[in-house]
There are 2 protein chains.
Amino acid sequence: MRSPEHSLPEGERSGTGTEKKQHFPIPALKEDSIRIIPLGGVEEIGRNMTMIEFRDDIIVIDMGFQFPEDDTPGIDYILPNTRYLEERKAKIKAVIITHGHLDHVGGIPYIMNRIGNPPLYTRNLTSLMIRKRQEEFPHLQPFEIKVVEKEDRLRIGSLVVRFFGVSHTIPDAMGIIIETPYGNLVTPGDFKLDHVDNVVTEKEEESYAVFDKEKTLLLLGESTNIDNPGFSTPERLVHKNLEDIIRDIKGRLIIGTFSSQFERMMHIINVAEKLNKKIVVEGRSMRTNIDIAIAANLIKPKEGTIILSQDIDNYPPDRVVILSTGAQGEEFAALMRMANKSHKNIRFTKRDTVLLSSSIIPGNEKTVQKLKDNIARHGAKIIHYRTSDVYIHSTGHANRGEIEWLHKKLRPKFFIPIHGHHYMLRVHADLALSLGTPEKNIVVPDNSMIIEIQNKGEIITALKEKAPDGPVMVDGFAVGDMQEVVLRDRQMLAEDGMFVIIASINTTTGKLKKSPDIISRGFVYLRESQELLHQTRIIIKKSIEEATAGMHPINFDFVKGTTTDAVARFLFQKTAKRPIVIPVLLGV
Amino acid sequence: MRSPEHSLPEGERSGTGTEKKQHFPIPALKEDSIRIIPLGGVEEIGRNMTMIEFRDDIIVIDMGFQFPEDDTPGIDYILPNTRYLEERKAKIKAVIITHGHLDHVGGIPYIMNRIGNPPLYTRNLTSLMIRKRQEEFPHLQPFEIKVVEKEDRLRIGSLVVRFFGVSHTIPDAMGIIIETPYGNLVTPGDFKLDHVDNVVTEKEEESYAVFDKEKTLLLLGESTNIDNPGFSTPERLVHKNLEDIIRDIKGRLIIGTFSSQFERMMHIINVAEKLNKKIVVEGRSMRTNIDIAIAANLIKPKEGTIILSQDIDNYPPDRVVILSTGAQGEEFAALMRMANKSHKNIRFTKRDTVLLSSSIIPGNEKTVQKLKDNIARHGAKIIHYRTSDVYIHSTGHANRGEIEWLHKKLRPKFFIPIHGHHYMLRVHADLALSLGTPEKNIVVPDNSMIIEIQNKGEIITALKEKAPDGPVMVDGFAVGDMQEVVLRDRQMLAEDGMFVIIASINTTTGKLKKSPDIISRGFVYLRESQELLHQTRIIIKKSIEEATAGMHPINFDFVKGTTTDAVARFLFQKTAKRPIVIPVLLGV
């Protein structure tokens, strides 16, 4: 009997999974050069991570992950490729995290161990969030987290690192200034600007005052909202509107938002308490983050303000605010469970108002629609971002107007746009150009591009050599970059399913011992396809016996090939589908 | 040897695919009642189809399809469930098509034959589009298309049908008035209103003048844009802006739009010709629709105005306009092929301007982003809907303000919102309520809901009985509603792949003849999983031999069950993935 396993994974035999792109050897870094490699986040939204290398020191900024895409079925997360760092562990002196969102911290449990667990620097809230998440990975080696304040000044190898506070949707967000002998490298991380009618507030001006005096050699600037004109809505206005709604609402109010929207979540709790309302917190991540906010002393709700959902009926509906995850229509999140009647304690009624205080993340349009449909079936009123006549949500990222302000404030010599799809980076580069940065001083990066500021800060250039690249996938327990074949198979299986043929061949006569067996999933509805299966068996028998006629010994690989072709062709002719056809030929 | 096929498709054995929902028997229609069944389009965008039944006559309005969703992998299209009609073929006197878009005509090739090929009534352009599409289905029985003018008046059984012209993005769009003894049933189909600063134009007023004199018993009104406040941008303004851009552009202009945007496509050709520019038409559907527009005498481009892409270099770049499909980032459409350098004759350069004259269809955000990224890599300028400071696209559907105008014009006694997700229909119902339609006179439908206007037009009600429901899937050549199991398998295969075990068991001893073979696809990267496979083989051997110990004869189903469980559990433990495990046990 032949062993099918060795010959069968054809996709893998011919696969590109093991082929690595040809890379030029990476040249050594010169004494008077600064190397910058955006390891992730510059061809996508998410997996933000940037490396700065100078002489004997490497500083890593952020360590995010990205949520999977349509073309990565079954994948949990996508990570930056960190092989460049893995090969230079000893040089890594610090990981600095700007804030606690997953596109900046999500990769930590997967990457820190791989790069030798260098010390991690960040502010208090972010440190609590990272520690909390590490609890889910008990098998990992612990690493040191050093909590910094935004006034701190760190000497890291031959570099000095300072911080500045920025406004985002989460407290303790910070920008980073890295002092080099040739000038400062600056990134604000994720930021927006508080303003009144497009005039930046005094407080913001103070945070950025340092740049009035100091020259910026390089700005690494986020591009998420570069396509949005003007200034973004200040969170302050959203807070005011939410307060009005919480105060004036008749009936029960359910607010769906991201648990990562710390500022808003905290504000809602404070306002509800002030108005003598009770809060029900629904969704694990929401509860976790509120606990963290309390632990960080950011909010101090009184005993009894936060109640459990099973006690909700002890209070009149207009004295209760439900704060819930799931505004993106996530299938198992609290809001969807309430909407589809699978929540243990909470059902929507037509006296409820559901406020969706979030925008729709691209790709989630259909699940959000489903959520709204399900809520509407209860007759509950829905207020959402798009139709509300007051602002009930605002982005956490600077719009074009704020980004322009940043460029004017910093007047950087060199500029690298980060955080965004390629198109966004280009638009950001065009903005910098229009503000006077010369084209030769701007580099629009790709992931793993090696950019150097050379000749003591004189020029910026992208090397022709690239750091190891390609996304790294988290797929269950597996973390790796070898998944192309597997992903391609998953896509094919998703479209047309599979079709396994099992045939026992008499090795002496080349004839089938009996009619071949067929296993198929995801292809056609077999119950109603008996005639198709019958005809396919005839094709298989004919194809095998024609191939084996006069063949001694039987070349099983050849017979497999012709049988696969014949069956695939026949099935496509009959069904217009192309299942993955796998022959198992047993010589008996 | 056991035949695995009969016992293996476990998903199918336990599947819900053959279970039909329990339906109450549908009562006979009373003499003085009018029955309305929205067969599709009222729980989704697309597959619009509505049935009107009165005494011995059935009239079908539209026959659309819907594009597949995330939860229908591999499916080509989704159709309305037409079993109610299939069981009443003789009663169907007419199919009336309001306009030529796929959400109104897409189902025709799949449904017309099933419902007995009743005569199809529509206006000229729509008839040409339907005929053209039928050419792709040469095996189908032909059916009669009767071309009507909007002034026509048809007697169809005991009903009289009239039409009125409506503005949409395609010529020959029409609304329908069905006269019954109890009043008129009216639907505008897809419509918007031409207006100047929210004052509807004289021409539109004329089209709807009939409703000033006649009373409307029932309005079936579209809800697509009910969530958009105010009036939509008149296409007229878009035309003007496109004309300015075509005139003033430096360099080459590439316009990406939908081929279904007939009015815009025609306008672009006329304007380019007037400005003495050449047009290159890219994309099969765009070419087809331009041919149809020419055949319908809607445009008459001069010989030589439309040129082939291979001749493009014979003209200066600013004398050429490329009109192309693919503005949604479709993988193989012309625009994407130009962007990723796989187009035969056209490459983007940094002197090009690409104008994306379309909104992004929900679900296409990521492909459009990819398209923009690929275009941006050539340095070409991109003007798109969102950032353009002038209108370069407008919806074809009435916004809330226009829908309000329609209600006020028709003052219908009864109202059924159609065309939209449930939430949209609810919002539309709320609008009708706010305009004075009593709640008891409004029915918010689901697909296949049986709605009746009873007692000679006195009341409207939804029966507790439902017409046969559930979506019908087009999956290759298969058209049916039995796909749940297949779809579930596809989803599982897409997430975690498959894992087939082949083991030969000595039926006398119950021992394996040799180490079992494994075929796996879409699960893990096998090359790097030799240790996992090795361990799994041990588990298989142990599990089978423990099960068969002392068992005579061998109960193969039992052994399969225990082996599947053991292997699935082990693989999940080791990988956190749950592939479909299929055991093939061969008794030898």
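Here, every reference points to the structure presented above.
Computed from a prediction, not measured in an experiment: that's the story for all the values here.

Participant: What's the story with the overall build of chain A in this structure? I'm lost.
Facilitator: Each helix and strand in chain A was counted, giving 18 helices and 28 strands. Relative to its full complement of 588 residues, chain A shows a buried share of 62%. Of the contacts formed within chain A by residues at least 6 apart in sequence, a portion of 73% connects residues at least 24 apart. Element-wise, carbon and sulfur atoms account for 50% of the exposed surface of chain A, whose accessible area totals about 23,900 Å².

Participant: What exactly am I supposed to notice about the packing of helix 6 (residues 124–134) of chain B against helix 11 (residues 284–295) of chain B here?
Facilitator: Describing two packed helices takes the angle between their axes plus the distance from one axis to the other. Residue and element names in this part refer to chain B. Relative to each other, helix 6 and helix 11 sit at 135°, their axes nearing to 10 Å. Classified by the interaxial angle, the pair formed by helix 6 and helix 11 is oblique. Here helix 6 runs over helix 11; the crossing is right-handed. Residues Leu125, Leu128, Met129 and Lys132 of helix 6 pack against Thr288, Asn289, Ile292 and Ala295 of helix 11.

Participant: For this particular structure, what's the right way to read the relation of the copies chain B and chain A?
Facilitator: Relating the two copies of this chain is a rotation about some axis coupled with a shift parallel to it. The transform that puts chain B on chain A rotates by 180° and translates by 0.1 Å along the axis, for an RMSD of 0.2 Å. Interpreted geometrically, this transformation is the action of a two-fold axis. Identified as the residue of chain B closest to the rotation axis by C-alpha distance is Ala494(B), at 2.4 Å. A shared interface surface links the copies, since 100% of the contact residues of chain B are contact residues in chain A too.

Participant: Please explain the pattern of salt bridges as it appears in this structure.
Facilitator: One side chain can pair with another of opposite charge once the charged atoms of both are near each other. Summed over all chains, the structure comprises 70 salt bridges over all chains. Here Arg377(A) and Asp446(B) are joined by a salt bridge, their closest N and O atoms 2.8 Å apart. Of this pair, Arg377(A) sits in the loop between helix 13 (365–376) and strand 20 (381–384) while Asp446(B) sits in the loop between helix 15 (422–434) and strand 22 (449–454), which puts the two residues in different chains. Judged by its relative accessible area of 37%, Arg377(A) is partly exposed. We note a salt bridge from Asp244(B) to Arg247(B), for which the minimum N-O separation is 3.5 Å. Of this pair, Asp244(B) and Arg247(B) both sit in helix 9 (residues 235–248), separated by three residues, roughly a single helical turn.

Participant: So what exactly am I meant to see when it comes to the interface of chain B and chain A here?
Facilitator: Where interface size is quoted, it is often the accessible area lost as the parts come together. At the junction of the two partners, chain B supplies 80 residues and chain A supplies 80 residues. For the pair chain B and chain A, the two sides together bury roughly 7,100 Å², of which 55% comes from carbon and sulfur. On the surface where chain B and chain A come into contact, there are seven salt bridges. Summed over the shared surface of chain B and chain A, the result is 26 residue pairs in polar contact (both at pLDDT 80 or more). For the side of chain B that touches chain A, the class distribution of residues is 33 nonpolar, 19 polar and 28 charged.

Participant: In this structure, what is going on with the side chain of Asn447(B)? I would like to understand it.
Facilitator: Residue and element names in this part refer to chain B. Assignment of secondary structure puts Asn447 in the loop between helix 15 and strand 22. A distance of 3.4 Å separates the side chain of Asn447 from the backbone nitrogen of Gly41, its partner in a polar contact. Side chain to side chain, Asn447 and Glu44 meet in a polar contact 2.9 Å long. Contact partners of Asn447, with chain neighbours within four places excluded, come to Pro38, Leu39, Gly40, Gly41, Val42, Glu43, Glu44, Arg47, Lys466 and Asp469.

Participant: How should I be thinking about the environment of Lys577(B) in this particular structure?
Facilitator: By the secondary structure assignment, Lys577(B) is in the loop between helix 18 (556–575) and strand 28 (580–587). In sequence terms Lys577(B) and Glu495(B) are 82 residues apart; their C-alpha atoms lie 8.3 Å from each other. Residues within four places of Lys577(B) in sequence aside, it is in contact with Gly74(A), Asp475(A), Gly476(A), Arg490(A), Glu495(B), Asp496(B), Phe523(B), Leu571(B) and Phe572(B). There is a polar contact of 2.8 Å between the side chain of Lys577(B) and the backbone oxygen of Gly74(A).

Participant: Explain the pairing of strand 11 (residues 183–187) of chain B here, please?
Facilitator: In regular strands, side chains alternate between the two faces of the sheet. Residue and element names in this part refer to chain B. Where burial is concerned, most of strand 11 is hidden: five out of the five residues are buried. Sheet topology note: the strand 11/strand 14 (residues 216–222) ladder contains three bridges and is parallel. Along strand 14, the bridge assignment pairs Val186 with Leu219.

Cut-offs and rules
- Residues numbered from 1 in each chain as written.
- Chains lettered and ligands numbered in written order.
- Predicted model: local features only at pLDDT ≥ 70, side-chain atom pairs only at ≥ 80, totals over all residues.
- Heavy atoms only, no water.
- Helix = DSSP H or I, 4+ residues; strand = E, 2+ residues; numbered from the N terminus.
- Buried < 20%, exposed > 50% of the residue type's maximum accessible area, 1.4 Å probe, protein only.
- Contact = heavy atoms within 4.5 Å.
- Areas by Shrake-Rupley, 256 points an atom, 1.4 Å probe, with all protein chains shown as cover.
- Axes fitted to C-alpha atoms, helices over the stretch in contact; angles between N-to-C directions.
- Parallel < 35°, antiparallel > 145°, perpendicular 65-115°, else oblique.
- Left-handed = near helix turned anticlockwise from the far one by under 90°.
- Least-squares fit on C-alpha atoms with pLDDT ≥ 70 in both.
- Salt bridge = Lys/Arg side-chain N within 4 Å of Asp/Glu carboxyl O.
- Buried area = accessible area lost by both parts, 1.4 Å probe.
- Polar contact = N/O pair within 3.5 Å; in protein donor to acceptor, adjacent residues only side chain to side chain.
- Nonpolar A, V, L, I, M, F, W, Y, C, P; charged D, E, K, R; others polar.
- Pairing = 2+ DSSP bridges.

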